[in-house]
Amino acid sequence: MDRLLVKGGRPLSGEISISGAKNAALPVLAATLLTDEAMVIGNVPYLHDITTTTELLARMGSRITLHEQMRLEVDNSTLQHMYAPYELVRTMRASILVLGPLLARYGRAEVSLPGGCAIGPRPVDLHLRGLRAMGAEIEVENGYIKARARRLRAAELNLELVTVTGTENLMMAATLAQGTTVLNNAAREPEVIDLADCLNAMGARIDGAGGDRIVVQGVDSLHGIRHDIIPDRIEAGTYLVGATMTGGRILLRNICANLMQSVLAKLREAGAEILTRENNLELDMRGRKPRAVNVHTAPFPGFPTDMQAQFTALNSIAEGTGAITEQVFENRFMHIQELLRMGANLRLEGNTAISRGVPALLGAPVMATDLRASASLVLAGLVAHGETQINRIYHIDRGYETIEEKLSLLGARIQRIFGETPGTRSRRRNIA
Ligand code: EPZ
């Protein structure tokens, strides 16, 4: 398995471009199942989760062509298998996003139940409850969701919890249902808005995306379009936290501030000076150490849970004490054990991580456990004395496009050590 080696001590400086958002690209790729006309999706990030999704679609019979600059052409006119196997779904829970479109377009689907993952059990009961309310017959047996529906019908759906992919799945299903569906307590994330924009361009009739009440008037069919994915606000936030932790100054291209106001507010509280222009963001710490901040994660427009681990790392070297409360997932503090091994002063009280900033972290071998936790360990390595080796970085490759290249462009000393397969020595790709 590949590993990352990070040598700390250098402030991040320079400029990089932000890639398309993973969590917008995944539902948009699922939305291609709603039409038999070819679709072209631009600004797709080069990530493992994208590869998994294209493999899933291809196994169904989708014809996918990769063009330059990660433009994907998807043609589902010859789809034969409405089936998502466990071996793929277990590596990427977001595979559940094919369920709504398959049911809406083909009237049947067999999708493996996504297992839990490191950050929590992550059930999909709200997805299934909504589809049943729209007339789908759904059985769950042998670990698979088996669903049928002659034609989905409109319903008034009251989501008990704010669920991002639940909102996306049900919104996609409703586009071809008979009548007008209402989604109450819908997720308001920018990725939901991007999906709604894509669906409306395909001929859907969706109002209210971005608010907590979404109204979808069903239509008979949707047509193919070209859609460019919005920038990744979590990737951007991760690099901004890196610059804040290292006292650096960076400029991010292809990102807009309105996607991440709650994160920018916390970075300013930590002492960062942030300039926002129409399509880029500049952060300058002027060599200062950050101040610790208090954070409560919440659905958008609240502070994103996907930025919690990165801010826990920031607090571990910030001045003063901070409290970070995780309110979305049950078990999203696995990075704390690893940060403690690097000398952080952190303790968990219930779902709150209390930190007292330390003068410095010490490099150590650490293990990535989930996508955002692994990013927080890379950030910790950027400020630690000595070298930090991050193992199991397949987690990070799921959500960060060429992280070592981008960090090297910002002056970090980071190397990828390619996995040692039996009989070969590990190879180092010198990046910096
Ligand atoms: C999406 O996951 C994101 N993934 C996650 O990003 C993100 O952390 C999460 O939303 C919250 O913002 C994608 O968009 C592909 P939820 P999702 O349904 O939709 C509970 C990353 O790092 N729930 O909004 O799976 C659930 O257990 C990933 O990029 C139910 O109980 O999250 C959780 O406690 C990690 N039943 C809460 O709701 C359901 O049917 C919010 O989960 C659905 C959800």
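Right above here is the structure, for reference.
Residues numbered from 1 in each chain as written. Predicted model: local features only at pLDDT ≥ 70, side-chain atom pairs only at ≥ 80, totals over all residues. Heavy atoms only, no water.

**Observations concerning the packing of aromatic side chains**
A complete count under the given rule lists 2 aromatic pairs for this structure. Ring centres of Tyr-83 and Tyr-144 lie 5.7 Å apart, and the angle between their planes is 10 degrees; on these two criteria the pair is classed as stacked. You can see Tyr-83 sitting in strand E6 (residues 83-84) and its partner Tyr-144 sitting in strand E9 (residues 144-148), a full 61 residues away along the chain. Residue classification places Tyr-83 among the partly exposed residues on the basis of a relative accessible area of 34%. Between Phe-303 and Phe-311 the ring centres are 5.0 Å apart and the planes differ by 90 degrees, which places this aromatic pair in the edge-to-face class. Among the residues examined, Phe-311 registers a relative accessible area of 0% and is labelled buried. The lysine or arginine in question, Arg-105, covers the ring of Tyr-106, its NZ or CZ lying 5.0 Å from the ring centre. (Phe/Tyr/Trp six-rings, centres within 6.5 Å; stacked < 30°, edge-to-face > 60°. Helix = DSSP H or I, 4+ residues; strand = E, 2+ residues; numbered from the N terminus. Buried < 20%, exposed > 50% of the residue type's maximum accessible area, 1.4 Å probe, protein only. Lys NZ or Arg CZ within 6 Å of the ring centre and 35° of its normal.)

**Observations regarding the packing of helix H8 (residues 233-246) against helix H9 (residues 261-269)**
Direction vectors running N to C along H8 and H9 enclose 5 degrees, while the axes themselves pass 11 Å from each other. Between H8 and H9, the angle falls in the class roughly parallel. Residue-level contacts link Gly-237, Leu-240, Val-241 and Thr-244 of H8 to Val-263, Leu-264 and Leu-267 of H9. Of the residues belonging to the contact of H8 with H9, the class tally is 5 nonpolar, 2 polar and no charged. (Axes fitted to C-alpha atoms, helices over the stretch in contact; angles between N-to-C directions. Parallel < 35°, antiparallel > 145°, perpendicular 65-115°, else oblique. Contact = heavy atoms within 4.5 Å. Nonpolar A, V, L, I, M, F, W, Y, C, P; charged D, E, K, R; others polar.)

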